[in-house]
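Fold and contact review
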Amino acid sequence: MTADDMPAVMALEQELFPEDAWTPEMFANELGESPNRRLYLVAETGEQLIGYAGVLFTGGPEADVLTLAVNPGHWGEGTGTALLQALLREAGDRRCTEVFLEVRADNPRAHDLYQRHGFSEVGVRRGYYQPAGVDAIVMRKDLDS
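Residues numbered from 1 in each chain as written. Predicted model: local features only at pLDDT ≥ 70, side-chain atom pairs only at ≥ 80, totals over all residues. Heavy atoms only, no water.

**Comments concerning the environment of threonine 79**
Put simply, the rule reads: Helix numbering and strand numbering both begin at the N terminus, where a helix is a DSSP run of H or I of at least 4 residues and a strand a DSSP run of E of at least 2. Each residue is placed in one exposure class: buried if its accessible area under a 1.4 Å probe, protein chains only, is under 20% of its type's maximum, exposed if it is over 50%, and partly exposed if it falls in between.
Here threonine 79 lies in helix H3 (residues 79-93). A relative accessible area of 11% means that threonine 79 is categorised as buried. Spatially, the C-alpha atoms of threonine 79 and glycine 51 are 7.0 Å apart, while their sequence positions differ by 28 residues.

Listed below in structure tokens is the structure:
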């Protein structure tokens, strides 16, 4: 992901997460972080951005998936899987042994994606997503197995 991707990223972010979308400043701050700590990817078909994802590397054995989004017109085509697998590969390459994420409790499609790829529920963060107050399901994947 580069600054040139921001208009398309922000349009998709607003479409998918209207109540709690990241701001352009949040993305700019994330892209400004060291590549040793963050990785943001985009998925494209031709010249069209159809998805994006980001991960935080803690500097230790953990990584955290920070965001993953796919254009609804491309759901079911494997884009989310490809983005998630790329993040997991990179975490493994960086010697992470586990990956965490939060997923909205009212997003069964994303929850199912993560379960299909070996994530399991480890907790709940009540009211995590604001301003709606939606709970976040905390999920974890062990990369050693």
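**Remarks on the packing of aromatic side chains**
Short version of the rule: Whether two aromatic rings pair depends on their centres lying within 6.5 Å, for rings of Phe, Tyr and Trp, where Trp uses its six-membered ring; planes under 30 degrees apart make the pair stacked, over 60 edge-to-face, and the rest tilted.
Tallied over the entire structure, the rule returns five aromatic pairs. Where tryptophan 22 meets tyrosine 40, the ring centres are 6.5 Å apart and the plane angle is 70°; that geometry is what we call edge-to-face. Residue tryptophan 22 is found in the loop between helix H1 (6-16) and helix H2 (24-31), and its partner tyrosine 40 is found in strand E1 (residues 38-45); the two are separated by 18 residues along the sequence. The two residues tryptophan 22 and tyrosine 40 agree in class, both being buried. On the numbers, 5.8 Å between centres and 65° between planes, the contact of tyrosine 114 with phenylalanine 119 is edge-to-face. In textbook terms, an aromatic cluster arises when at least three aromatic residues are bridged by ring pairs, as seen for Trp22, Phe27, Tyr40 and Tyr52.

**Some thoughts on the packing of H1 against H2**
When two helices pack together, their arrangement is given by the angle between the helix axes and by the axis-to-axis distance. For clarity, the threshold we go by: Comment: axis = line fitted to C-alpha atoms, over the contacting stretch for helices; angle = value between 0 and 180 degrees taken between N-to-C directions. Our angle categories are set so that under 35 degrees counts as roughly parallel, over 145 as roughly antiparallel, 65 to 115 as roughly perpendicular, and the remainder as oblique. The hand of a helix crossing depends on one turn: near helix anticlockwise from the far one by less than a right angle means left-handed, and clockwise means right-handed. Note on contacts: a residue pair qualifies if any of its non-hydrogen atoms lie within 4.5 Å across the two residues. Classification used: nonpolar for Ala, Val, Leu, Ile, Met, Phe, Trp, Tyr, Cys and Pro, charged for Asp, Glu, Lys and Arg, polar for all others including Gly.
Direction vectors running N to C along H1 and H2 enclose 130°, while the axes themselves pass 11 Å from each other. Classed by the angle they form, the pair H1 and H2 counts as oblique. Judged by the sense of rotation from one axis to the other, the crossing of H1 with H2 is right-handed. Contact with H1, carried on its side by Met6, Val9, Met10 and Glu13, involves Pro24, Phe27 and Leu31 of H2 and no other residues of that element. Residue composition of the contact of H1 with H2, by class: six nonpolar, no polar and one charged.

**A closer look at the pattern of salt bridges**
Where we set the bar: Only one rule defines a salt bridge in this text: a Lys or Arg side-chain nitrogen within 4 Å of an Asp or Glu carboxyl oxygen.
In the structure shown here, the tally under the stated rule is seven salt bridges. Among the salt bridges present, the one from glutamate 98 reaches arginine 140, with a minimum N-O distance of 2.6 Å. Placement of the pair is glutamate 98 in strand E4 (residues 98-104) and arginine 140 in strand E6 (residues 134-142), with a sequence separation of 42 residues. What makes glutamate 98 buried here is its relative accessible area of 14%. Judged by relative accessible area, arginine 140 falls into the partly exposed class, the value being 25%.

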